[in-house]
Amino acid sequence: LANVDLENESTLAIVKPDGISGNYTSSIRKIILESGFSVQKELTVHLDEDSVRSFYDEHSTKSFFPSLVKYMTSGPVLIMVLQKVNAIADWRALIGPTDALKAKVTHPHSIRAMCGQDLGRNCVHGSDSHDSAEREISFFFTKTYPGIEP
Ligand code: RTP
Ligand code: MG
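Not measured: the values here are computed from a predicted model. (Residues numbered from 1 in each chain as written. Chains lettered and ligands numbered in written order. Predicted model: local features only at pLDDT ≥ 70, side-chain atom pairs only at ≥ 80, totals over all residues.)

A. Spotlight on unusual backbone geometry. At Asn-86, a residue that is not glycine, the phi angle is positive and equals roughly 60 degrees. With respect to the element layout, Asn-86 can be found in the loop between strand S3 (77-85) and helix H5 (87-95). One non-glycine residue, Cys-123, lies in positive phi territory at about 65 degrees. Structurally, Cys-123 is set in the loop between helix H7 (111-115) and strand S4 (124-126). Residue classification places Cys-123 among the buried residues on the basis of 24 C-beta atoms within 10 Å. (Helix = DSSP H or I, 4+ residues; strand = E, 2+ residues; numbered from the N terminus. Buried ≥ 20, exposed ≤ 12 C-beta atoms within 10 Å, placed from the backbone.)

The structure is reproduced here in structure tokens:
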């Protein structure tokens, strides 16, 4: 087993505005800790439009982009760096599918089934790959974005 590498991995989680306003933060944190993640860093911010546009740049040409920007700027969000072995895939599995309405049917124990409302408003974010995790963690915790207001 000399070359089996079970190193800790970090991923970026966000409790989106509907997660915060629906008072799901403590339930989500409980699931995070009970699932073996540690919370390395956290930050509560009300994102401005430029920050959301930049963070979700991969979706900038999609028809839903304006509504995504409106949603993500509608209230404060809780941004966390989560760490554990296989954190990226495990957090994605915990949150469930993008469409929270479908999640309630197909993944009833997922976080999005618990607190999401539909395809757009799905209460949590998770990095979808190693590259995304690196980019997203540095987006909030390494670089300085003047648009992010405490
Ligand atoms: P996230 O990046 O927030 O973790 O979500 P995801 O990977 O599951 O889904 P993604 O395709 O990256 O979409 C990003 C967010 O955009 C909103 N969305 N709306 N057709 C629509 O109305 C639509 N599709 C996506 C959701 O808030 C989604 O989480
Ligand atoms: Mg995504």
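Now that the structure has been shown, we can carry on.
B. Region of interest: the site of ligand 1. Taken together, His-59, Phe-64, Leu-68, Thr-98, Leu-119, Gly-120, Asn-122, His-125, Gly-126 and Asp-128 make up the full set of residues adjacent to ligand 1. Of the residues assigned to the shell around ligand 1, the class counts are three nonpolar, six polar and one charged. (Near = placed C-beta within 6 Å. Nonpolar A, V, L, I, M, F, W, Y, C, P; charged D, E, K, R; others polar.)

C. Seen up close, the pairing of S3. Looking at chain direction, strand S1 (residues 8-15) and S3 are connected through eight bridges and run antiparallel. Considered in S3, the bridge of Ile-14 is made with Ile-79. Bridge count for strand S2 (residues 38-45) against S3 is seven bridges, and the pairing is antiparallel. Following the sheet pairing, Lys-41 is matched in S3 by Val-81. (Pairing = 2+ DSSP bridges.)

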